[in-house]
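Chain and residue survey
Here are the chains, one letter per residue:
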Amino acid sequence: MDVRHKPLYHYAPPRNWINDPNGMIHWQGVYHLFYQYVPFSAGNGVKHWGHAVSTDLARWSPRPIALSPTPGGPDKDGVWSGCAIDWDGLPLAFYTGVFPEQQCLAVGDDTLERWTKYDGNPIIAAPPGGLEVTGFRDPCVWREPDGWRLALGSGRKGGLGLVLLYRSDDLLHWEYLHPLYEGESAETGRVFECPNFFALGGQHVLITSPIPLARAIYFAGEYSEGRFAPMRWGEVDAGGALYAPQYMIDALGRRLLIGWLWEERPEVQYMAAGWSGVMSLPRVLSLADDGALCSAVAPEVDALREGVLHQTALALDDETVPLPQAAGDAIELCAHFAVGSASQVGIEVLRSPDGQETTRLVYDVASRRLLCDRTRASLNAETHRDVRGDALALGDDGMLALRIYVDRSVVETYANERIVLTSRAYPERGDSKGVTVFADGGRAELTELTVWRMGSCLR
């Protein structure tokens, strides 16, 4: 197995294919992460639910497969995505069985390692009558004062994305109510996969991963009488690598999010490597005053720091400064820039000594955007090499605060506690581990930079 690009402190099982996180739940003091898993191949195939546990959100232990297809059952061709809930002390998992797409239920034991599928599956056998849909999957379940609600990702045939809303008193028998929300623009996609719906900051948030946009988006707005009216929407992560994120509420009341970071290299390459896909770091969600969804890495992840590699502060006068003491491919960087008169400031990571390979995090003052520039990220021309970015206005103090998590092929960047860019980079050279800081077109000041070496997330 080729592990050159396999992340060290972002969770992935030892080998084979993973995708969507599923069934995330904080149960009896333990964080449980289930996920789409192909146990026999690094390529896409028949899905099971893989399983990992953590007591601290930093270090994870792989556990046995939780759910597998049942021959002849409604999930005979795959156990697709879904959620888990605590029903008054009883763990329940809701998921989509295929083919056709039907909603199923399983009951777990106290360890959440052994699950018994409900004999009456499927609990929802087909889409509502008279509604032609292009998807019918990925249940999200929550409780309201008058009963339970279940949302399903969908889309109207020939139309836009759709989230279907159901109600139940007993979690077994479900009545279709109406659309929770229907897309209003082609900009938000044709099929809303993997819906997450929850209260946050005095509003409600819907997160979905629309086809064909290949990204995760959010809507924030008002929820009343079973209808959701968004007032704002945007990208959960504009770096291009995150898809199908799922949230859970922990004992502290935090809304925590983990997403799938897919491969951005050809199938033949990840098949040869023997593994595909990795999870993002766990994020704590919040809403800004203007309704924007914000996220920050859960502070528990700091426990993976193994020691400071380098600390510095520098004046930058239209120059690029190498920092050889900061080099590494499994590091965390915390940087604060006073942008000053510079037209661009930023950091290069995974850089070869001659700059032939490098991934650049650039703040462009004129466009007020933070960019992840991967045009030289790899000598392998078959990997994705592009520029991704998102709008980021600096505060009145003109400061740019970056937290960058570099993990072999993952570059996960948080800016001003406002936006996130997560991308994949696959440098070919063994010496592409360098770090530089730069200011172009004027003066800036790096007021603080701390770089930590990071350890493995696997127990």
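The structure this text deals with has already been given above.
Definitions and cut-offs
Residues numbered from 1 in each chain as written. Predicted model: local features only at pLDDT ≥ 70, side-chain atom pairs only at ≥ 80, totals over all residues. Heavy atoms only, no water. Pairing = 2+ DSSP bridges. Helix = DSSP H or I, 4+ residues; strand = E, 2+ residues; numbered from the N terminus. Axes fitted to C-alpha atoms, helices over the stretch in contact; angles between N-to-C directions. Phe/Tyr/Trp six-rings, centres within 6.5 Å; stacked < 30°, edge-to-face > 60°. Buried < 20%, exposed > 50% of the residue type's maximum accessible area, 1.4 Å probe, protein only.

The next subject is the sheet that holds strand E2 (residues 30-38). Taken in spatial order, the five strands of this open sheet run E4-E3-E2-E1-E19, and their pairing is mixed. Both edges of this open sheet fall to strand E4 (61-67) and strand E19 (275-276), since each of them pairs with a single strand only.

Moving on: the sheet that holds strand E9 (residues 133-144). Sheet architecture is open: four strands sit in the order E9-E10-E11-E12, paired in antiparallel fashion. Taken across any chain shown, the strands that pair with only one partner, and hence form the sheet edges, are E9 and strand E12 (175-182). In this sheet, adjacent strand axes meet at a mean angle of 25° when their direction is disregarded. With eight bridges joining them, strand E10 (residues 147-156) and strand E11 (residues 161-168) adopt antiparallel strand pairing. Bridging from a neighbouring strand, glycine 153 pairs with valine 163 of E11.

Per the counting criterion, the structure on display carries 24 aromatic pairs. Ring centres 5.1 Å apart and planes at 15° place the aromatic pair tyrosine 243 and tryptophan 262 in the stacked group. One end of the pair, tyrosine 243, is in strand E17 (residues 242-249); the other, tryptophan 262, is in the loop between strand E18 (255-261) and helix H1 (267-273), and 19 residues separate them in sequence. When its relative accessible area of 7% is taken as the criterion, tyrosine 243 is described as buried. One aromatic cluster in this structure is built from Trp142, Tyr181, Phe192, Phe197, Phe219, Tyr223, Phe228 and Trp233.

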